Amino acid sequence: MVKTEILLAEGAPNPILPHYPELILGFISFLILLFVLKKFVVPRFEAAYKERTDKIEGGIEKAEQAQAKAEAALEKYTAQLAEARTEAAKIRDDARQEAEQIKVELRAEAQAESERIVAQGHAQLQAQKQQIVAELRAELGRNAVELASRIVGESLEDEVRRRGTVDRFLAELETSAAATGAGK
């Protein structure tokens, strides 16, 4: 303590209290620094801050637009998918109906062809029957003429007489067959 008293006694400045000229110079320097910061640095910080804010807001806006576009695309896709499913169902139904119609047409054609074949078969059978009947009549006529020639003892070769005899004989056979068939 002795040394502190010596220093105070000599008129030395107090180290705790600052000098007034230093205070004034420090205050002026602070004001100049404040002016420079306010004039040059703060506007740049503000511009950078605004730019960054605009980018963030723009990014958010772009993200919202992209999300809206994605939702619109999803709705469009969903609508197209539903339309495609509906169209596929319609095509399937049309194909079934067409197949059913073709089936009916083929059955009708097959039935018509079957009836035509049966009618043709009946016609062929009738023609064959008439041919066989004609052949049998001719054969029966020859046999009848030959038998009658043997029984009568004279020749019945005359064609007109032979036909008349054969036809008469066959007519009698048919009437007797018809009478027997009707009696059953």
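Reading guide: rules and limits
- Residues numbered from 1 in each chain as written.
- Predicted model: local features only at pLDDT ≥ 70, side-chain atom pairs only at ≥ 80, totals over all residues.
- Heavy atoms only, no water.
- Helix = DSSP H or I, 4+ residues; strand = E, 2+ residues; numbered from the N terminus.
- Areas by Shrake-Rupley, 256 points an atom, 1.4 Å probe, with all protein chains shown as cover.
- Salt bridge = Lys/Arg side-chain N within 4 Å of Asp/Glu carboxyl O.
- Buried < 20%, exposed > 50% of the residue type's maximum accessible area, 1.4 Å probe, protein only.
- Expected span 1.5 Å × (residues − 1).
- Bend = angle between axes of the 7 residues up to and from the residue.
- Patch = residues over 30% accessible without salt bridge, like charges linked within 9 Å, V, L, I, M, F, W, Y side chains within 5 Å.

Some words on the overall build of the protein
No. 1: Across its full length, the protein holds three helices and zero strands.
No. 2: Starting at the N terminus, the α and β elements of the protein follow one another as α-α-α.
No. 3: A total accessible area of about 16,600 Å² is found for the protein, and carbon and sulfur atoms account for 62% of it.

Focus on the pattern of salt bridges
No. 1: With the rule as written, the count across this model stands at four salt bridges.
No. 2: A salt bridge links Lys55 to Glu51; its shortest N-O distance comes to 3.6 Å. Separated by four residues within a single helix, Lys55 and Glu51 lie in helix 2 (residues 20–152), roughly one turn from each other.
No. 3: The partly exposed category is assigned to Glu51, whose relative accessible area is 47%.

Notes on helix 2
No. 1: Helix length check: helix 2 (133 residues) gives 188 Å between terminal C-alpha atoms against 198 Å at 1.5 Å per residue, within 8%.
No. 2: Where helix 2 bends most, the angle comes to about 40 degrees, and this point is Lys38.
No. 3: Buried within helix 2 are the following residues: Gly141, Val145 and Ser149.

A few points about a nonpolar patch on the surface
No. 1: Taken together, the side chains of Ile24, Ile28, Ile32, Phe35, Val36 and Phe40 present a nonpolar region at the surface, about 590 Å² in accessible area.
No. 2: Of note, Phe35 is situated in helix 2.
No. 3: You can call Phe35 exposed: its relative accessible area is 53%.

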